[in-house]
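Commentary on secondary and tertiary structure
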Amino acid sequence: ENHWAGAVVGRPDADALNNRLRIIVARVNEKANEYIEQRKPIDVKIIKEYIYDGCKVGSQQDRLLTWIEEQISTLNVTEGTRRHYELMLERLKSFGRLKSWSDLTVDNIYAWDAWLHGLINVNAKKPSSDNAGEPHCTISEKAVYNYHKCLKAMLNRAKDCGIIDVSPYDRLKGRFKKGEEDNMEYLTEEQMRMIVAVHPARGTQLEAARDLFVFQLFTGMAFSDAQEFDIAQ
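The numbers attached to residues start from 1 for each chain and follow its sequence in the written order. With the structure being a predicted model, the display of local features is reserved for residues of pLDDT at least 70 and the display and counting of side-chain atom pairs for 80 or more, all residues being used for whole-chain, interface and lining totals. The basis for every side-chain value is the complete set of non-hydrogen atoms in the structure, without hydrogens or water.

If you tally the helices and strands in the chain, you get 9 helices and 0 strands. Each of the 233 residues in the chain was classed as buried or not, and the buried ones make up 30%. Long-range pairs, those at least 24 residues apart, make up 53% of the contacts in the chain between residues at least 6 apart in sequence. In this description a helix means any DSSP run of H or I spanning at least four residues, a strand means any run of E spanning at least two, and both kinds are numbered starting from the N terminus. Burial classes follow relative accessibility: with a 1.4 Å probe on protein chains only, a residue under 20% of its type's maximum area counts as buried, one over 50% as exposed, and anything between as partly exposed. Two residues form a contact once any of their heavy atoms are found within 4.5 Å.

Shown next as C-alpha cells:
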C-alpha cells in the first residue's frame, strides 16, 4: 500500500512521521542555503552528517548537549519551567558522560542518577559556601527526579524528531520515583483565613502580593506559573 503523497498519509503515525520529515527538510535547506551564500558546491555527504550528527570529532562530540540547549530555547513554557531545563543542562555538562547521542545508554543514565544523588550527600554535609565546585543551587531528592523528568522529555522529543530510535528511559519505566518533600509545612485553615482578612492599602505592591498569594491558596497554582500573571491595577 502506498503511504506517500507528498507527505505520509494513511498511517496512524502519519503526524509524527511528517513532523520528522519537516525537520529534516528544514535542516537540509538550512545547510544548502549556507553553501549557496558562501558560493560553495553543495556537499551531500556533509549535509547528511549535519542532519544525522555523524561520527565526526571536534564540534560534534558535544552534539547532544548543543541540541538540548537549542531545544530549550524553543520551548513554549513558563520561565520557571525553562529554568528547570537549564539547570538540568548545567548538571549534564558537569556530569560529563552524556555528551553525544552514542552516550545514551542505560548504564550512563544509572551513572547520572548516582552522580546526582552524590550531590545530595555533598550538599547535606557541607555549607553552600564550600560547594564552589558544584553547579549553583541546592539539590534535593525532588530535584533529582525533576532532572530525570526534563532529560526524559528532551529525549522523547529527539525520538519524535527521528534523531534517536529509542530512549534509555524507555527501558527504565517507573525506575526513578519522585522524592518526598522533607519537613514540609502547610498553612492551617485558620492561618489562611487570617491572610484573607488582611487588607493592605489599595494600589500598593503589598496588596497585589496578597491577592496573588490568596489566588494561589485557592487554586493550587505553582509560584512559577503565578509569576507569569500580569495583575491589572
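Here the narrative resumes, following the displayed structure.
Right, let's talk about helix 3 (residues 63-72) for a bit. With respect to burial, helix 3 is a largely interior element, 7 of its 10 residues being buried. Within the sequence span of helix 3, burial applies to Arg 63, Leu 64, Leu 65, Trp 67, Ile 68, Gln 71 and Ile 72. On its buried side, helix 3 packs onto helix 1 (14-37), helix 4 (79-95) and helix 6 (141-160).

Note on scores: pLDDT gives the predictor's confidence for each residue, bounded by 0 and 100. Confidence along the chain averages 77 in pLDDT terms, with 75% of residues attaining 70 or more. Low pLDDT (under 50) marks residues 54-60, which in the prediction has 5 contacts with non-local residues, meaning those over four places away or in another chain. Across residues 124-137, where pLDDT falls below 50, the model places 12 contacts with residues more than four positions away in sequence or in other chains.

Quick look at the packing of aromatic side chains now. Aromatic rings from Phe, Tyr and Trp, taking only the six-membered ring of Trp, are treated as a pair when their centres fall within 6.5 Å; an angle between ring planes under 30 degrees marks them as stacked, one over 60 as edge-to-face, and anything in between as tilted. Overall, the coordinates contain 4 aromatic pairs when judged by the stated rule. Taking 5.4 Å as the distance between ring centres and 65 degrees as the angle between the ring planes, the aromatic pair formed by Trp 67 and Trp 101 counts as edge-to-face. One end of the pair, Trp 67, is in helix 3; the other, Trp 101, is in the loop between helix 4 and helix 5 (106-125), and 34 residues separate them in sequence. Each member of the pair, Trp 67 as well as Trp 101, carries the same accessibility label: buried. Pairing Phe 95 with Trp 112 gives two aromatic rings, centres 5.7 Å apart and planes at 55 degrees, and the pair type is tilted. One end of the pair, Phe 95, is in helix 4; the other, Trp 112, is in helix 5, and 17 residues separate them in sequence. Exposure class is identical for Phe 95 and Trp 112. Each is buried. Pairwise contacts between aromatic rings join Phe 95, Trp 112 and Trp 115 into one cluster.

Moving on: the environment of Leu 119. Here Leu 119 is to be found in helix 5. A relative accessible area of 5% places Leu 119 in the buried class. Between the alpha carbons of Leu 119 and Ile 139 there is a distance of 6.9 Å; along the sequence they are 20 residues apart.

With a phi angle near 55 degrees, Arg 39 is a residue other than glycine that sits in the positive phi range. Here Arg 39 shows up in the loop between helix 1 and helix 2 (44-52).

Moving on to the nonpolar core. Here the nonpolar core consists of buried residues drawn from Ala, Val, Leu, Ile, Met, Phe, Trp, Tyr and Cys, with membership extended through side-chain atoms lying within 4.5 Å. In this structure, Ile 68, Met 88, Leu 98, Trp 112 and Leu 151 are the most contacted members of the largest nonpolar core, which totals 35 residues. Those elements giving two or more residues to this core turn out to be helix 3, helix 4, helix 5 and helix 6. Considering every element that reaches this core, the biggest residue donor is helix 6, with 8 residues.

Each salt bridge in this description consists of a side-chain nitrogen of Lys or Arg and a carboxyl oxygen of Asp or Glu lying within 4 Å of one another. Tallied over the full model, the rule gives 10 salt bridges. Residues Lys 159 and Asp 170 are paired through a salt bridge, measuring 2.9 Å at the closest nitrogen-oxygen approach. Pair noted here: Lys 159 is in helix 6 and Asp 170 is in the loop between helix 6 and helix 7 (189-197), with a separation of 11 residues, a long-range link. Counted as one network, the salt bridges with shared partners bring together Arg 83, Glu 86 and Glu 90.

Our next topic: a nonpolar patch on the surface. Think of a patch as exposed residues, more than 30% relative accessible area, with no salt bridge, where like charges cluster within 9 Å and nonpolar side chains (Val, Leu, Ile, Met, Phe, Trp, Tyr) cluster within 5 Å. Shrake-Rupley sampling with a 1.4 Å probe provides the accessible areas, and residues are treated as covered by the protein chains on show and by no other component. Where nonpolar side chains cluster on the molecular surface, the patch consists of Ile 36, Ile 42 and Val 44 and spans about 300 Å² of accessible area. Among the secondary structure elements, Ile 42 is positioned in the loop between helix 1 and helix 2. Given the relative accessible area of 47%, Ile 42 is considered partly exposed.

Let us look at the packing of helix 4 against helix 6. Between N-to-C directions, angles cover 0 to 180 degrees, with each direction set by a line fitted to C-alpha atoms, over the stretch in contact for helices. Close contact between helix 4 and helix 6 brings their axes to 9 Å; oriented N to C, the two are set at 95 degrees. When the axis of helix 4 is compared with that of helix 6, the two are roughly perpendicular. Listed contacts from helix 6 to His 84, Tyr 85, Leu 87, Met 88, Arg 91 and Leu 92 of helix 4 are Tyr 147, Cys 150, Leu 151, Ala 153 and Met 154. For classification, angles of less than 35 degrees are called roughly parallel, those exceeding 145 degrees roughly antiparallel, those between 65 and 115 degrees roughly perpendicular, and all remaining angles oblique.

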